[in-house]
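Fold and contact review
The lines below spell out each chain.
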Amino acid sequence: MFARPVRPLLLTAMLLTGLTAFAQPQPVSAPRAQAPAGVRTIRVEGTGEVKAQPDEAFIDVAVETLAANAKAAGEQNAKRMEKVIAALTSAGIARRDIQTRNYSVYPEYAPPLPNQTEPKLKGYRVSNLVSVHVKDLSRVGNLLDQALAAGANRVDSVRFGLSRQDAVQGEALRQAVARARKSAEVLAASLNVKLGAVLDASTVTEPPQLYPARFAMAEAADARAMSTPIQPEEQAVQAKVTLVFVIE
């Protein structure tokens, strides 16, 4: 394995306005009913979409250390991560809202010299990634700065989500049903037939859309003492419904 090139402290994070940490909703479908022989039907579809401002965020920050052996790299990493966690808890983040997402230890090699056939072992790199749950979005930029100042040297992502996602999805579904019914009424009127009861209904609720954006932060001697600006975007929750009406 070859070493990754040494890079300055330039941290690039992907803002994902949507809670990738959450499980993806599965399509919810009602059992498909079969129309009795001789019964005519109208099948229509409707889509609903609700946009809402996110009200929570998840910051993924990491500490990476490199040392001659795995033990030394691990010890250095643990000390730095404790400082990062202490800074976050001092800022008002509860310990239960700071969770480890990934911990890895792996060897790192220097590229082989022209007269060498094997790469040379440089040492061992330890990476500890934690996810911080933030409920006050106005503090996201400041918390990022505090984590970096305390010893974090990698920011993987900032993800925004909706704690009230069920309510938003319910409203999107109601819109979809209303639009599907309206389409059925227009079709029935155009065909000069009378709309009957709903014979079958199926729905798929879409997860919030993700809006990627990039930002970079560099540590420099003349860096301004200001909070990193973070601007969450609206999240869109969609629902689709298919209705089958009997023609009376």
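Data block above holds the structure.
Report on the accompanying structure. (Residues numbered from 1 in each chain as written. Predicted model: local features only at pLDDT ≥ 70, side-chain atom pairs only at ≥ 80, totals over all residues. Heavy atoms only, no water.)

Details of the overall build of the protein
When you go through the protein residue by residue, the secondary structure sums to three helices and ten strands. For the protein, the N- to C-terminal ordering of α and β elements is β-β-β-β-α-β-β-α-β-α-β-β-β. For the protein, buried positions account for 39% of its 248 residues. Counting only carbon and sulfur atoms, one obtains 54% of the accessible surface of the protein, whose full area is about 14200 Å². (Helix = DSSP H or I, 4+ residues; strand = E, 2+ residues; numbered from the N terminus. Buried < 20%, exposed > 50% of the residue type's maximum accessible area, 1.4 Å probe, protein only. Areas by Shrake-Rupley, 256 points an atom, 1.4 Å probe, with all protein chains shown as cover.)

Things to note about the packing of helix H1 (residues 70–90) against helix H2 (residues 140–150)
Between two packed helices, the angle of one axis relative to the other and the distance separating the axes together describe the packing. In the contact formed by H1 and H2, the axes pass within 8 Å of each other and the chain directions differ by 150°. By the criterion of interaxial angle, the relationship of H1 to H2 is roughly antiparallel. In terms of crossing hand, the pair formed by H1 and H2 is right-handed. Contact with H1, carried on its side by Arg-80, Lys-83, Val-84, Ala-87 and Leu-88, involves Leu-143, Gln-146, Ala-147 and Ala-150 of H2 and no other residues of that element. Residues belonging to the contact of H1 with H2 are distributed by class as follows: six nonpolar, one polar and two charged. (Axes fitted to C-alpha atoms, helices over the stretch in contact; angles between N-to-C directions. Parallel < 35°, antiparallel > 145°, perpendicular 65-115°, else oblique. Left-handed = near helix turned anticlockwise from the far one by under 90°. Contact = heavy atoms within 4.5 Å. Nonpolar A, V, L, I, M, F, W, Y, C, P; charged D, E, K, R; others polar.)

Here we look at the pattern of salt bridges
Opposite charge on two side chains permits pairing when their charged atoms draw close. A full pass over the atoms with the stated rule returns twelve salt bridges. Two residues, Arg-164 and Asp-55, come together in a salt bridge whose shortest N-O distance is 2.9 Å. Linking Arg-164 in the loop between strand E7 (154–161) and helix H3 (165–191) with Asp-55 in the loop between strand E3 (41–52) and strand E4 (56–67), this pair joins segments that are 109 residues apart in sequence. Two residues, Glu-64 and Arg-154, come together in a salt bridge whose shortest N-O distance is 2.4 Å. (Salt bridge = Lys/Arg side-chain N within 4 Å of Asp/Glu carboxyl O.)

A look at unusual backbone geometry
Leaving glycine out, the prevailing phi sign among residues is negative, and the prevailing peptide bond configuration is trans. In this structure, Asn-192 takes a positive phi of about 60° despite not being glycine. Topologically, Asn-192 is positioned in the loop between H3 and strand E8 (195–205). Relative accessible area serves as the criterion here: at 72%, Asn-192 is assigned to the exposed category.

Remarks on the pairing of strand E6 (residues 120–134)
Counting buried positions along E6 yields eleven of 15 residues, so the element is predominantly enclosed. Two elements, E4 and E6, share eleven bridges in a ladder whose sense is antiparallel. Looking across to E6, one finds that Ala-57 is bridged to Val-134. Note that strand E5 (residues 98–110) and E6 share twelve bridges and pair antiparallel. (Pairing = 2+ DSSP bridges.)

Overview of the pairing of E4
With eleven of its twelve residues buried, E4 lies for the most part within the structure. Relative to E7, E4 runs antiparallel, the two sharing seven bridges. Of the residues in E7, the one forming a bridge with Ile-59 is Val-158.

Remarks on the nonpolar core
Core analysis: the biggest nonpolar cluster contains 25 residues, and Ile-59, Val-61, Leu-88, Val-140 and Leu-144 have the highest contact counts within it. Elements represented by at least two residues in this core include exactly E4, H1, E6, H2 and E7. With five residues, H2 is the largest single contributor of residues to this core. Contact partners of Ile-59, with chain neighbours within four places excluded, come to Val-130, Ser-131, Val-132, Val-134, Val-140, Leu-143, Leu-144 and Ser-157. If you look at the next biggest cluster of nonpolar residues, it comprises ten residues, including Ala-176, Ala-188, Val-241 and Ile-247. (Core = buried A, V, L, I, M, F, W, Y, C linked by side-chain atoms within 4.5 Å.)

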